[in-house]
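Topology and contacts: notes
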Amino acid sequence: QVQLVESGGGLVQTGGSLRLSCAGSGDIYAMAWFRQAPGKEREFVAFSRWDGTTYYADSVKGRFTMSADSGKNTMYLQMNSLKPEDTARFYCASKKRSGLFSRAREHYEYWGQGTQVTVSA
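Now for a look at the structure at hand.

Taken together, 4 strands build an open sheet; the order of strands is S1-S3-S8-S7 and the sheet is antiparallel. If you trace the sheet from one side to the other, it starts and ends with strand S1 (3-7) and strand S7 (64-69), each paired once. The average angle at which neighbouring strand axes cross in this sheet is 15°, direction not considered. Note: S1 against strand S3 (residues 18-25), 5 bridges, orientation antiparallel. Bridge pairing in S3 places Ser 7 opposite Ser 21.

Structural data, given as structure tokens:
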């Protein structure tokens, strides 16, 4: 059974930075970050395999960077140049025994509890 635990959210001013962590246990081939703002659907943010292959949503390219530490079974999302529109609850997700990339939330079987990111104007 895969378990995912996010941490690192908080309140930051526009232009600031935060680093989110997702600590995993179990068979994890890759992780993805999604976010959900109030009243909106959960959307794809970033994806990474342990070998460093990454994919990003267009809205975060050049600002967010995902990295992996296989020794700690943990992946990170470094978020720079944050904007108020980045305010959301961020979730870590993983597929069951698969490292195939997907932007679709319905393709991910395992989810963390989420961590709140709030960017003030």
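Next comes the rest of the account.
Let us now look at the side chain of Glu 6. Counting through the fold element by element, Glu 6 comes out in strand S1. Only 2.8 Å separates the side chain of Glu 6 from the backbone nitrogen of Cys 92, close enough to count as a polar contact. Residues contacting Glu 6, with those up to four places away along its chain left out, are Ser 21, Cys 22, Trp 33, Phe 90, Tyr 91, Cys 92, Gly 112, Gln 113, Gly 114 and Thr 115.

One can find Thr 53 in the loop between strand S5 (43-49) and strand S6 (54-56). Under the relative-accessibility criterion, Thr 53 is labelled partly exposed at 24%. With 48 residues separating them in the primary sequence, Thr 53 and Phe 101 have C-alpha atoms 9.6 Å apart. Here Asp 51 takes part through its side chain, which lies 2.8 Å from a polar atom of the side chain of Thr 53.

Take the packing of aromatic side chains next. By the definition in use, this model includes 9 aromatic pairs. Judged by centre distance (5.3 Å) and plane angle (70°), the ring pair of Phe 34 and Tyr 108 falls under edge-to-face. Taken together, the residues Phe 34 in strand S4 (residues 30-36) and Tyr 108 in the loop between strand S9 (88-94) and strand S10 (110-111) connect sequence positions 74 residues apart. Comparing Phe 34 with Tyr 108, the two get one shared label, buried. With 4.0 Å between their ring centres and 15° between their planes, Tyr 55 and Phe 101 make a pair best called stacked. Linking Tyr 55 in strand S6 with Phe 101 in the loop between S9 and S10, this pair joins segments that are 46 residues apart in sequence. Owing to a relative accessible area of 31%, Tyr 55 belongs among the partly exposed residues under this scheme. A relative accessible area of 25% means that Phe 101 is categorised as partly exposed. Grouped by ring-pair contacts, the aromatic residues Phe 34, Phe 44, Phe 47, Tyr 55, Tyr 91, Phe 101, Tyr 108 and Trp 111 constitute a single cluster. One Lys or Arg, Arg 42, reaches over the ring of Tyr 91 and ends 3.7 Å from the middle of that ring. Across from the ring centre of Tyr 108, 5.6 Å away, lies the NZ or CZ of Lys 95, which sits over that ring.

Parameters and conventions
- Residues numbered from 1 in each chain as written.
- Predicted model: local features only at pLDDT ≥ 70, side-chain atom pairs only at ≥ 80, totals over all residues.
- Heavy atoms only, no water.
- Pairing = 2+ DSSP bridges.
- Helix = DSSP H or I, 4+ residues; strand = E, 2+ residues; numbered from the N terminus.
- Axes fitted to C-alpha atoms, helices over the stretch in contact; angles between N-to-C directions.
- Polar contact = N/O pair within 3.5 Å; in protein donor to acceptor, adjacent residues only side chain to side chain.
- Contact = heavy atoms within 4.5 Å.
- Buried < 20%, exposed > 50% of the residue type's maximum accessible area, 1.4 Å probe, protein only.
- Phe/Tyr/Trp six-rings, centres within 6.5 Å; stacked < 30°, edge-to-face > 60°.
- Lys NZ or Arg CZ within 6 Å of the ring centre and 35° of its normal.

Bear in mind that shape data such as this cannot, by itself, settle questions of function.
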